[in-house]
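Single-letter residue listing:
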Amino acid sequence: MALITKAPRGTADVLPAESYKWQHVEQTALSIARDFGYREMRTPVFEHTELFQRSVGETTDVVQKEMYTFEDKGGRSVTLRPEGTAGMARALLEHSLHNDALPAKVAYLTSCYRYEKPQAGRLREFHQFGVECFGAAPPQADAEIIALARTILETLGVTGVSLHINSIGCPSCRARYHTALKAYFEVRRDELCGTCQDRLDRNPMRILDCKSPACADIAKGAPVMLDYLCDDCAAHFEGVRACLTAAEIPFEIDTRIVRGLDYYTRTVFEFISDALGAQATVCGGGRYDGLTKELGGPELPSLGFAMGLERLLMILEAKGTSIPAPPRPELYLAPMGPDAVRECFAMASRLREGGVSVEFDIAGRGLKAQMKYADKLGARYVIVVGDNELAQKQGRLKDMASGAEEPIALDDSLYTTLYQKSLDRQLAGMADLFGEELADGLEK
Ligand code: ATP
Ligand code: MG
């Protein structure tokens with residue numbers, strides 16, 4: 001039989017040797033979000049197609065070209081989520097979370113699906129960490145969410161990213177801007193790509209987000225939204241900038257940022273990396289005051305952002321940023337003979353109940369092969385348990401790094417001994433750390 005050993009194009013496996021990096025990024029993001037008051041919410045991987053058509057928008061690349069849409073066996077049209085916000089907003093409204101205290105703050109980790117041309121930093125299945133804040137109108141809410149994204153990136157040690165912000169106004173001031181944009185693009189209609197010719201009639205601002213080089217080139221001289229903001233939108237944008245400045249969060253105003261999804265209003269922002277080439281945006285977000293109403297709920301001024309986790313990990317990799325290594329097994333128990341197998345199994349069980357990471361031979365191998373395996377696992381200590389050791393309840397604890405051995409009792413004191421050793425190591429680690437800091441302090 002032929003092997004099926006090729007994953008679909010645009011997907012990637014996370015292998016055991018790499019998964020700790022994902023866990024580190026995910027746990028860090030969730031825990032910082034928690035400090036900012038965001039609790040995790042989980043929604044289904046597929047939703048009614050209409051949800052994305054109505055929220056993401058009919059004239060966007062995502063809806064027009066990229067969605068994984070299919071009919072299920074009941075004849076309903078469903079779509080694998082191309083992004084996280086629509087599902088979050090749907091769930092908020094469905095469960096009336098907005099009737100509890102506002103703002104309602106939620107965070108998510110999700111896989112997303114977009115039929116795009118796979119390349120570095122662009123997959124068909126990719127992963128996002130995101131947050132949504134429902135029911136917060138003033139500009140300090142925008143600044144806070146930007147600060148949250150920045151704190152996550154900084155805590156992870158992401159370097160070489162810059163914050164770009166823009167305002168795309170509200171529906172009323174955007175109408176005037178649309179007129180100006182239409183007039184600008186109309187003269188060069190024939191040079192635009194087919195999709196953008198259609199957008200020119202339906203939603204000219206989308207042309208600014210087109211990836212085709214010809215359209216991007218024409219868009220360079222287009223009028224900018226900031227010149228068309230109404231007084232309220234201008235004051236809001238000023239408020240966001242003032243908060244960022246007060247908190248010493250550096251940013252640049254970038255009029256090219258319009259964001260790829262229709263639901264955005266007013267503030268939009270992106271964190272752009274110098275390490276990602278063409279796929280440079282690692283985090284994008286903004287305000288979407290019209291979304292909940294668009295979905296049939298009450299009007300809730302809201303905002304959020306999403307980070308692309310593959311791109312985030314690519315930056316960490318490119319910059320050589322260290323990610324805490326996964327814990328190694330503390331102990332490998334090497335049984336010799338059937339009695340020792342049972343005894344080691346019982347010992348391992350007790351130690352594991354106490355939270356010690358222990359491995360023991362479940363492959364029935366000889367001592368040499370076991371030692372090789374223990375070494376490969378990176379086990380800190382090994383105890384070989386044979387009939388002699390069992391009879392005397394006494395073995396030798398081998399330190400795999402130094403090769404040093406010491407006698408160790410094979411009874412309940414084993415747990416305390418191992419625990420004490422791990423405490424000693426932590427203390428030594430802390431002394432190293434504070435010693436360094438002290439040295440640094442003395443130098444200054
Ligand atoms: P791009 O302009 O790169 O296509 P986008 O505007 O379509 O991005 P968003 O919808 O804002 O992206 O999604 C938020 C983040 O998710 C992006 O900033 C990026 O980091 C990540 N992302 C988006 N699409 C992909 C993809 N196909 N593969 C990997 N990551 C992606
Ligand atoms: Mg895109």
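As a reminder, the structure under discussion sits directly above these lines.
To keep things clear, this report deals only with the structure shown in the data block. (Residues numbered from 1 in each chain as written. Chains lettered and ligands numbered in written order. Predicted model: local features only at pLDDT ≥ 70, side-chain atom pairs only at ≥ 80, totals over all residues. Heavy atoms only, no water.)

### Details of the overall build of the chain
Stage number 1. Along the chain, the regular secondary structure elements total 15 helices and 16 strands.
Stage number 2. Relative to its length of 444 residues, the chain is extended, with a C-alpha radius of gyration of 28 Å against a globular reference of 22 Å.
Stage number 3. Principal axes of the C-alpha set define a box for the chain whose edges measure 90 × 70 × 45 Å.
Stage number 4. By residue count, 45% of the 444 residues in the chain fall in the buried class.
Stage number 5. If you take every contact in the chain between residues at least 6 apart in sequence, the share linking residues at least 24 apart comes to 70%.
Stage number 6. Accessible surface computed for the chain: about 22,900 Å², of which carbon and sulfur atoms make up 53%.
Stage number 7. Each charge class in the chain can be summarised by its mean position, and for the 51 positive and 63 negative side chains these summaries are 4 Å apart. (Helix = DSSP H or I, 4+ residues; strand = E, 2+ residues; numbered from the N terminus. Rg over C-alpha atoms; globule rule 2.2 N^0.38 Å. Buried < 20%, exposed > 50% of the residue type's maximum accessible area, 1.4 Å probe, protein only. Contact = heavy atoms within 4.5 Å. Areas by Shrake-Rupley, 256 points an atom, 1.4 Å probe, with all protein chains shown as cover. Lys, Arg positive; Asp, Glu negative; His and termini not counted. Charge placed at Lys NZ, Arg CZ, Asp CG, Glu CD.)

### As for the pattern of salt bridges
A side chain of one charge can pair with a side chain of the opposite charge if their charged atoms are brought near each other.
Stage number 1. The final tally for this structure, using the stated rule, is 30 salt bridges.
Stage number 2. One salt bridge connects Arg199 with Asp61, and the closest N-O pair in it is separated by 2.4 Å. Of the two residues, Arg199 sits in helix 7 (residues 194-202) while Asp61 sits in helix 3 (residues 61-66), which places them 138 residues apart along the sequence.
Stage number 3. The class for Arg199 is buried, based on a relative accessible area of 1%. (Salt bridge = Lys/Arg side-chain N within 4 Å of Asp/Glu carboxyl O.)

### As for the nonpolar core
Stage number 1. Counting residues in each nonpolar core, the largest one holds 91 residues, and the members touching the most others are Phe129, Phe185 and Phe305.
Stage number 2. With nine residues, the top contributor of residues to this core is helix 5 (residues 139-155).
Stage number 3. Core analysis: the second largest hydrophobic core is formed by 18 residues, Cys344, Val385, Leu397 and Leu414 among them. (Core = buried A, V, L, I, M, F, W, Y, C linked by side-chain atoms within 4.5 Å.)

### Considering the packing of helix 1 (residues 19-35) against helix 5
Stage number 1. Between helix 1 and helix 5, the shortest axis-to-axis distance is 10 Å and the interhelical angle comes to 140°. Regarding the angle of helix 1 to helix 5, the classification is oblique. For helix 1 against helix 5, the interelement crossing comes out right-handed. On helix 5, the residues touching Thr28, Ala29, Ile32 and Ala33 of helix 1 are Leu148, Thr151, Ile152 and Thr155.
Stage number 2. Tallied by class, residues from the contact of helix 1 with helix 5 come to five nonpolar, three polar and no charged. (Axes fitted to C-alpha atoms, helices over the stretch in contact; angles between N-to-C directions. Parallel < 35°, antiparallel > 145°, perpendicular 65-115°, else oblique. Left-handed = near helix turned anticlockwise from the far one by under 90°. Nonpolar A, V, L, I, M, F, W, Y, C, P; charged D, E, K, R; others polar.)

### Remarks on the packing of aromatic side chains
Stage number 1. For the structure on display, the rule yields eleven aromatic pairs.
Stage number 2. Taken together, a centroid distance of 6.4 Å and an interplanar angle of 55° make the contact between Phe129 and Phe305 tilted. In this pair, Phe129 is assigned in strand 6 (residues 125-134) and Phe305 in strand 11 (residues 302-308), connecting sequence segments 176 residues apart. Comparing Phe129 with Phe305 shows no difference in burial state: the two are buried.
Stage number 3. Between Tyr184 and Phe185, the ring centres sit 5.1 Å apart and the planes meet at 80°, which makes this aromatic pair edge-to-face.
Stage number 4. Take Tyr184: its relative accessible area is 22%, and that puts it in the partly exposed class.
Stage number 5. By relative accessible area, which is 0% here, Phe185 ends up buried.
Stage number 6. By the ring-pair criterion, three or more aromatic residues cluster together here, those being Phe134, Tyr263, Tyr264 and Tyr288.
Stage number 7. The cationic tip of Arg124 hangs over the ring face of Tyr115; the distance from NZ or CZ to the ring centre is 4.0 Å.
Stage number 8. Here Arg365 stacks its cationic end above the ring of Tyr373, 5.0 Å away from the centre of that ring. (Phe/Tyr/Trp six-rings, centres within 6.5 Å; stacked < 30°, edge-to-face > 60°. Lys NZ or Arg CZ within 6 Å of the ring centre and 35° of its normal.)

### A closer look at the sheet that holds strand 9 (residues 265-273)
Across a sheet, strands are paired by hydrogen bonds formed along the backbone, either parallel or antiparallel in direction.
Stage number 1. Strand order in the open sheet formed by eight strands is 1-5-6-11-10-9-7-8, and the pairing between neighbours is mixed. The open sheet has two edge strands with one neighbour each: strand 1 (39-40) and strand 8 (252-253).
Stage number 2. For strand 6 and strand 11, the ladder comprises seven bridges, and the chain directions are antiparallel. Note that in strand 11 the partner of Phe129 across the bridge is Met307. (Pairing = 2+ DSSP bridges.)

### Comments concerning the side chain of Thr265
Stage number 1. Within the secondary structure, Thr265 is located in strand 9.
Stage number 2. A polar atom in the side chain of Thr265 sits 3.0 Å from the backbone nitrogen of Asp289.
Stage number 3. Those residues in contact with Thr265 that lie beyond four places of it in its chain are Ile168, Gly169, Pro171, Arg174, Arg287, Tyr288, Asp289 and Gly290. (Polar contact = N/O pair within 3.5 Å; in protein donor to acceptor, adjacent residues only side chain to side chain.)

### Quick word on the site of ligand 1
Stage number 1. The environment of ligand 1 is made up of 15 residues, and the closest members are Arg114, Glu116, Arg122, Leu123 and Arg259.
Stage number 2. Residue Arg114 places a side-chain N or O atom 2.7 Å away from an oxygen atom belonging to ligand 1.
Stage number 3. Within the contact set of ligand 1, an oxygen atom lies 3.1 Å away from a side-chain nitrogen or oxygen of Arg311.
Stage number 4. Contact with the protein chains covers 92% of the free accessible surface of ligand 1, which is 590 Å².
Stage number 5. In terms of residue class, the shell around ligand 1 is built from five nonpolar, four polar and six charged. (Near = heavy atom within 4 Å.)

### Details of the environment of Glu405
Stage number 1. Mapped onto the fold, Glu405 is located in strand 16 (residues 405-409).
Stage number 2. Relative accessible area serves as the criterion here: at 43%, Glu405 is assigned to the partly exposed category.
Stage number 3. For Glu405 and Val382, which are 23 residues apart along the polypeptide, the C-alpha to C-alpha distance reads 9.4 Å.
Stage number 4. In this structure the side chain of Glu405 is engaged in a polar contact, spanning 2.9 Å, whose partner is the side chain of Arg396.

### Describing the pairing of strand 4 (residues 77-80)
Stage number 1. Relative to strand 4, strand 2 (residues 46-48) is paired through three bridges, and the arrangement is antiparallel. Paired with Glu47 across the bridge in strand 4 is Thr79.
Stage number 2. Counting the residues that bridge the hairpin from strand 3 (residues 68-71) to strand 4 gives five residues, and of these Gly75 lies at a positive phi of roughly 80°.

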